[in-house]
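Residue strings, one per chain:
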Amino acid sequence: MECLKIAFILLLLLPAKCDSCPGRCQCCLNDICGVYFGYDQACKDGCKDGYHQARCMWLCSEHCQSCNQMDGCTHQCSANCLGSHCDKCCGLCTDGCMDGFTAAACNDKCNSICKACSQTNSTHCLSCFGGYSGPSCKCLPNCQCELNSEACNGCSNGFEIESKYCKCNKKYCVDYLNCRSCLNDSFYTYNGTCCECSTNCRNGQCVSEDQCLNGCEDGYTGADCADLCIDYDVNCIKCSQVEQFCVICESGFSPNTESVCARQCSDTCFNKECDAKTGKCLQGCIRNYYADKCDLVCPSTCASVPNITRCDNYGRCLHGCIEGYKGVTCNNATTANTGNLYAGGIIGGAVGGASTIIFVIIGIVLCIQRRKLKEKQSESGSQLQIRDPNPFIIEGISE
């Protein structure tokens, strides 16, 4: 009997799938929870996104239980909660999210195509920008679309003519019953109604369906401004409406003689001609510049000759160096070395002169001492001769 009790307890402690663990188990990561002696279920692998603590209490169908202070019911609502309403247990938004936000606590952003999205799916749009509709915002404004394809199969709100993307409406006519002209240049007449001009027309104004009044917005071309400039020139940001040539190019490029965007040549290129891809100057550089793109200045230490460049394409001086410099590029100064030698000569001469003076002084001192010694010896010899004429008798020596 004791063994059966132990086995029963172990069975209760083992992880269980949701079908054998009712209630909050559906909030558990991997749908695995544990039952502890009949008490609350606890998630073995943690909670799914948007759920809180081991019990994972929130949005767990009718089995959710209210929390108390012991469970940490102190969460503040996110600023993105709709109406600032949230579950204080977990801080999760109960009335949905503000436009552009999603997730249980509304801390994530919707897909960029959505103005508002589902709280559980950031890619499922609830509302769209620019009058578009549908879960993927592919249904055109004023269209009735099939749910799955989002293809326009009818117009709504008084708009008509599906082939014109439901952009035509008699309310744009001067005379609703006899539409021969439109309210302004933002519309054109078509089959007894008025339609909106293409948004690619500059200022949204047109003469007809196929002709914009003021040309195209930058980046578009063609009579109806339906074509892209980059379709025939990838570096073009503004092109002619009538012909395929570029007027304004991206930074670093400019229209060449064929009105095609070519890499902008440096002003220091001779005749400002360069390779369209690399920018390498094709005819060399103007005077006193060098390198492939002529973006380097010849060394200022190169000697100058009137109307002739100072250096070659590698920066080597063509006419020698100015005074005080040497080398192929005249970057080695010679004046500094001469100064050092001169300073060395001065120091050496000073040291040599000092040594000579010292030797002279020593020589004079030695001569004086020698002279004094000779004078003493001479005086001593005179006294000996006076006192004792016998040179072999020396006084002061006693036996």
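You'll find the chain entered in an unreviewed UniProt entry as TENX-like protein, with Mya arenaria given as the organism.

This paragraph deals with the state of the cysteines. Disulfide: a covalent bond formed between the sulfur atoms of two cysteine residues. What the rule picks out here adds up to 23 disulfides. One disulfide bridge connects C143 with C152, the sulfur atoms lying 2.4 Å from each other. On the sign convention where negative is left-handed, the bridge of C143 and C152, at about -90° about the S-S bond, is left-handed. Take C143: its relative accessible area is 9%, and that puts it in the buried class. Each disulfide pairs two cysteine sulfurs, and for C236 the partner residue is C246, the sulfurs being separated by 2.1 Å. Measuring handedness by torsion sign, the sulfur bridge of C236 and C246 sits at about 100° and is right-handed.

Under the feature "domain: EGF-like" (unreviewed entry), the UniProt entry names residues 109-138, 196-226 and 301-331. This span, residues 109-138, is 0% helix and 30% strand, and a straight line between its end C-alpha atoms measures 20 Å. As annotated, residues 301-331 has a helix share of 0% and a strand share of 6%, and its two end C-alpha atoms lie 7 Å apart.

Bringing the pairing of strand β19 (residues 236-239) into the picture now. The pairing of β19 with strand β20 (residues 246-249) spans three bridges and is classified as antiparallel. Each bridged residue has a counterpart across the sheet, and for C239 the counterpart in β20 is C246. The hairpin formed by β19 and β20 contains six residues between the paired strands.

Rules and cut-offs
Residues numbered from 1 in each chain as written. Predicted model: local features only at pLDDT ≥ 70, side-chain atom pairs only at ≥ 80, totals over all residues. Heavy atoms only, no water. Disulfide = S-S within 2.5 Å. Buried < 20%, exposed > 50% of the residue type's maximum accessible area, 1.4 Å probe, protein only. UniProt positions renumbered as here; feature names shortened; annotations may be inferred. Helix = DSSP H or I, 4+ residues; strand = E, 2+ residues; numbered from the N terminus. Pairing = 2+ DSSP bridges.

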